[in-house]
Amino acid sequence: MCGRYAVTTDPAKLAAEIDAINEVPVPLDPGTGSGRTEDSSTAEPAAAESSTDGSTAADTDTPARRAPGPNYNVAPTTTVMTVVKRHSPDEPDDDPALRIRAMRWGLVPPWAKEVGKGPLLFNARAESAAEKSSFRTSVKSKRCLVPMDGWYEWKKGPSDAKGKPTKVPFFMSPHDGTRLFMAGLWSVWRPKGASKDEPPLLSCSILTTDAVGQLRDVHDRMPMIMPFAQWDQWLDPDHTAPEDFFAPPTEAIADAIEIREVAPLVNRVANNGPELLEPA
């Protein structure tokens, strides 16, 4: 599964890296009270699994206020960066373009009465998402990518001095230091009675699949890594994705991932810094 992860880039840098339009507003300017979008080339307005570390929605309210960008301890309900491929609102017949968007991590179905009620849908099982009412529509036409440097997972450790079982955190990331892009689903939600001019809430969920290779030693589930060669079909807003895209990855992909134990600092959402990635 994927209940915490780390990302060390920001929307503008990511947009330049993958040649995308950055639609993420910069933080509010204290002097003017306004925000704007920023891009190196173009600017435009802008089934759930529980976390193995025991975090809940209440535990993650604070990080939700963090602007998307470098974050070494991303937790559910945080506003995160995503990659989508969409047509221009003004030219629906044009070729869809890659766009960086800010979304709440924890998908809110369009039919939900309010945010925060019901399961925290930060993960969706790839093999059954198309059958679930919360994800069915997103599987058809709202698929995204969630960029990250790597993700955290916990294994059961030895009991402490009081006989209480401990959980040992591990960080999984590519050996070569490249960025990972995880398959995700996204949704658009508006409160009942909201005007058309009111910005909707965009939210997302990371797809998980059966762990393969050495990653099985840490957990039986893993986030679904989406290879670059499959981006076009995965993000295509006009067609469904091939069924085999929802299958577990090859062991070659797992072999490219380094697994290292890290300090228990990551267990607390408030801790956030590069020291969280250092080997224990």
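What counts as what
Residues numbered from 1 in each chain as written. Predicted model: local features only at pLDDT ≥ 70, side-chain atom pairs only at ≥ 80, totals over all residues. Heavy atoms only, no water. Pairing = 2+ DSSP bridges. Helix = DSSP H or I, 4+ residues; strand = E, 2+ residues; numbered from the N terminus. Axes fitted to C-alpha atoms, helices over the stretch in contact; angles between N-to-C directions. Salt bridge = Lys/Arg side-chain N within 4 Å of Asp/Glu carboxyl O. Buried < 20%, exposed > 50% of the residue type's maximum accessible area, 1.4 Å probe, protein only. 1 Å grid on protein atoms, 1.4 Å probe; cavity = no way out; pocket = protein on both sides within 12 Å on 5 of 7 lines; lining within 4 Å. Points joined across faces, edges and corners; volume = space filled by probe spheres on them. Nonpolar A, V, L, I, M, F, W, Y, C, P; charged D, E, K, R; others polar.

A. The arrangement of the sheet that holds strand S1 (residues 5-7) in detail. Strand order in the open sheet formed by five strands is S3-S1-S8-S9-S13, with antiparallel pairing between adjacent strands. Edge strands, defined here as strands with exactly one partner in the open sheet, are strand S3 (71-74) and strand S13 (257-261). The mean angle between the axes of side-by-side strands here comes to 30°, regardless of whether they run parallel or antiparallel. For S1 and strand S8 (residues 150-159), the ladder comprises two bridges, and the chain directions are antiparallel. Of the residues in S8, the one forming a bridge with Tyr5 is Trp151.

B. Geometry of the pattern of salt bridges. Overall, the coordinates contain 10 salt bridges when judged by the stated rule. Where Glu17 meets Arg179, a salt bridge forms, and the shortest distance between an N and an O atom there is 2.8 Å. In this structure, Asp149 engages Arg179 in a salt bridge whose closest nitrogen and oxygen atoms are separated by 3.6 Å. In this pair, Asp149 sits in the loop between strand S7 (143-148) and S8 while Arg179 sits in the loop between strand S9 (165-174) and strand S10 (180-189), placing the two residues 30 residues apart along the sequence. By relative accessible area, Arg179 is classed as partly exposed at 23%. Within this structure, Arg125, Glu127, Asp210 and Arg221 form a network of salt bridges that share partners.

C. Representation of empty space enclosed by the protein within the structure. Of the pockets and cavities examined, the largest cavity occupies roughly 50 Å³. Lining the largest cavity are 12 residues, and of these Val7, Pro68, Gly69, Thr79 and Val80 lie nearest its centre. Listed by contribution, the elements that provide at least two residues to the lining of the largest cavity are S1, S3 and strand S4 (79-86). In the lining of the largest cavity, the residues fall into seven nonpolar, four polar and one charged. Of the pockets and cavities examined, the second largest cavity occupies roughly 40 Å³. In terms of lining, the second largest cavity is formed by Trp151, Glu153, Met172, Leu215, Val218, His219, Arg221 and Met222. Among the elements of the structure, S8 and strand S12 (221-223) are those that each provide at least two residues to the lining of the second largest cavity. By residue class, the composition of the lining of the second largest cavity is five nonpolar, one polar and two charged.

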